[in-house]
Amino acid sequence: MQDALDPELEAVLNEGAPKPVPNSRGRGSTPETVRVSFTNRRSWAEQAFADAGVDPEAATLWPIERQFDTLAKLVKDRFGITVKKTEALQGRFAVDQMLDLYRNLQFMAHVMGVPTAAMGLRGKLTLVLRKGIQYFGAFYPGPARVEGVSIPAGTIVLPKRSNSFAHEWMHALDHYLRGLFVKDGEFALLSLQVRQKGL
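Residues numbered from 1 in each chain as written. Predicted model: local features only at pLDDT ≥ 70, side-chain atom pairs only at ≥ 80, totals over all residues. Heavy atoms only, no water.

Asker: Explanation requested: the overall build of the protein chain in the structure shown.
Answerer: When helices and strands are tallied, the protein chain shows eight helices and six strands. Taken from N to C terminus, the helices and strands of the protein chain fall in the order α-α-α-α-α-β-α-β-β-β-β-β-α-α. Here the protein chain holds 199 residues, and 46% of them are scored as buried. Of the contacts made within the protein chain by residues no fewer than 6 positions apart, 63% connect residues no fewer than 24 positions apart. (Helix = DSSP H or I, 4+ residues; strand = E, 2+ residues; numbered from the N terminus. Buried < 20%, exposed > 50% of the residue type's maximum accessible area, 1.4 Å probe, protein only. Contact = heavy atoms within 4.5 Å.)

Below you can see the structure in the form of structure tokens.
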């Protein structure tokens, strides 16, 4: 499979002093941090298509929207995660992100010793794939709009081919557990609630 480099990401990496990619502390990130925070190649993982019951070689010839829809349904059925993409995101990035996501979700579930269906936090987790690379990833505990898409509470947003899903998933888990253990807490995350107020 041929590499499909992202020109916007390449420009950030090659500028020496890249456009700042803000982090939660308000500082820009270094080119090396950007380099390891995004995958800038096509996905090598095609097992998801086989698990969806289709020949991976045939599936890669389908229109890109059909590929995305097939993978989104598989991720919803297998992991309980609803996946959307913004119109601004090129379909190829979304499909490659989904192929890697499928493989990585299996690894995460195995390492944590949980059923694959647990990764969707009982069907409450949504993932939105977006174009802009202003940040590496984000978890939204409340409803919001991202690149024209309304997102529900409990949504992870990843730009392009970000490698931040596991990090953002831990925030999602923190938020989900807060809802189980603290009904009227002041904070969106259980870890903040415990640090500030206790249980």
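Asker: Quick question: what am I supposed to make of the sheet that holds strand E3 (residues 138-140) here?
Answerer: In a beta sheet, neighbouring strands are held together by backbone hydrogen bonds and run either parallel or antiparallel to one another. Spatially, E1-E2-E6-E3 is the arrangement adopted by the four strands of the open sheet, whose pairing is mixed. A single partner strand is all that each edge strand has here, and the edge strands are strand E1 (82-85) and E3. Geometrically, the sheet is characterised by an average inter-axis angle of 25° between neighbouring strands, direction not taken into account. Taken together, the four bridges between E1 and strand E2 (residues 126-130) define a ladder with parallel strand orientation. When the bridges of E2 are listed, Lys85 appears paired with Leu129. Helix H6 (residues 91-112) contacts E1, E2 and strand E6 (155-159) of the sheet and is inclined by roughly 140° relative to E2. Strands in contact with helix H7 (residues 165-181) are E2, E3 and E6; relative to E6, the strand with the most contacts, it is inclined by about 165°. (Pairing = 2+ DSSP bridges. Axes fitted to C-alpha atoms, helices over the stretch in contact; angles between N-to-C directions.)

Asker: It is not clear to me how H7 should be interpreted in this structure. Could you clarify?
Answerer: Side chains of residues three or four places apart in an α-helix project in the same direction, reflecting 3.6 residues per turn. An ideal rise of 1.5 Å per residue puts 24 Å on 17 residues; H7 measures up with 24 Å between its terminal C-alpha atoms. Of the residues making up H7, those classed as buried are Phe165, Glu168, Trp169, Ala172, Asp174, Tyr176 and Arg178. Along its buried surface, H7 packs onto H6, E2, E3, E6 and helix H8 (190-197). (Expected span 1.5 Å × (residues − 1).)

Asker: Mind showing me how you'd approach helix H5 (residues 64-79) here?
Answerer: An ideal rise of 1.5 Å per residue puts 22 Å on 16 residues; H5 measures up with 22 Å between its terminal C-alpha atoms. Where H5 is concerned, the buried positions are Gln67, Phe68, Thr70, Leu71, Ala72, Leu74, Val75 and Phe79. Positive phi shows up at Gly80, right after H5, with a value of about 75°.

Asker: I'm lost on a nonpolar patch on the surface in this one. Help?
Answerer: A cluster of nonpolar residues, Val111, Met112, Val114 and Met170, forms a patch on the protein surface that exposes about 350 Å² of accessible area. When its relative accessible area of 43% is taken as the criterion, Met170 is described as partly exposed. (Patch = residues over 30% accessible without salt bridge, like charges linked within 9 Å, V, L, I, M, F, W, Y side chains within 5 Å. Areas by Shrake-Rupley, 256 points an atom, 1.4 Å probe, with all protein chains shown as cover. Salt bridge = Lys/Arg side-chain N within 4 Å of Asp/Glu carboxyl O.)

Asker: Which parts of the structure should I look at to understand the nonpolar core?
Answerer: Soluble globular proteins tend to pack their nonpolar side chains together in the buried interior. Grouped together as the largest cluster of nonpolar side chains are 35 residues, with contacts concentrated most on Ile81 and Phe165. Residue assignment for this core shows that the elements contributing at least two residues are helix H3 (47-51), H5, H6, E2, E6 and H7. Those residues in contact with Phe165 that sit more than four places away from it in its chain are Ile81, Leu101, Leu105, Met108, Leu127, Ile156 and Leu158. Ranked by size, the runner-up nonpolar core spans seven residues in total, among them Tyr135, Ala138, Val146 and Val157. (Core = buried A, V, L, I, M, F, W, Y, C linked by side-chain atoms within 4.5 Å.)

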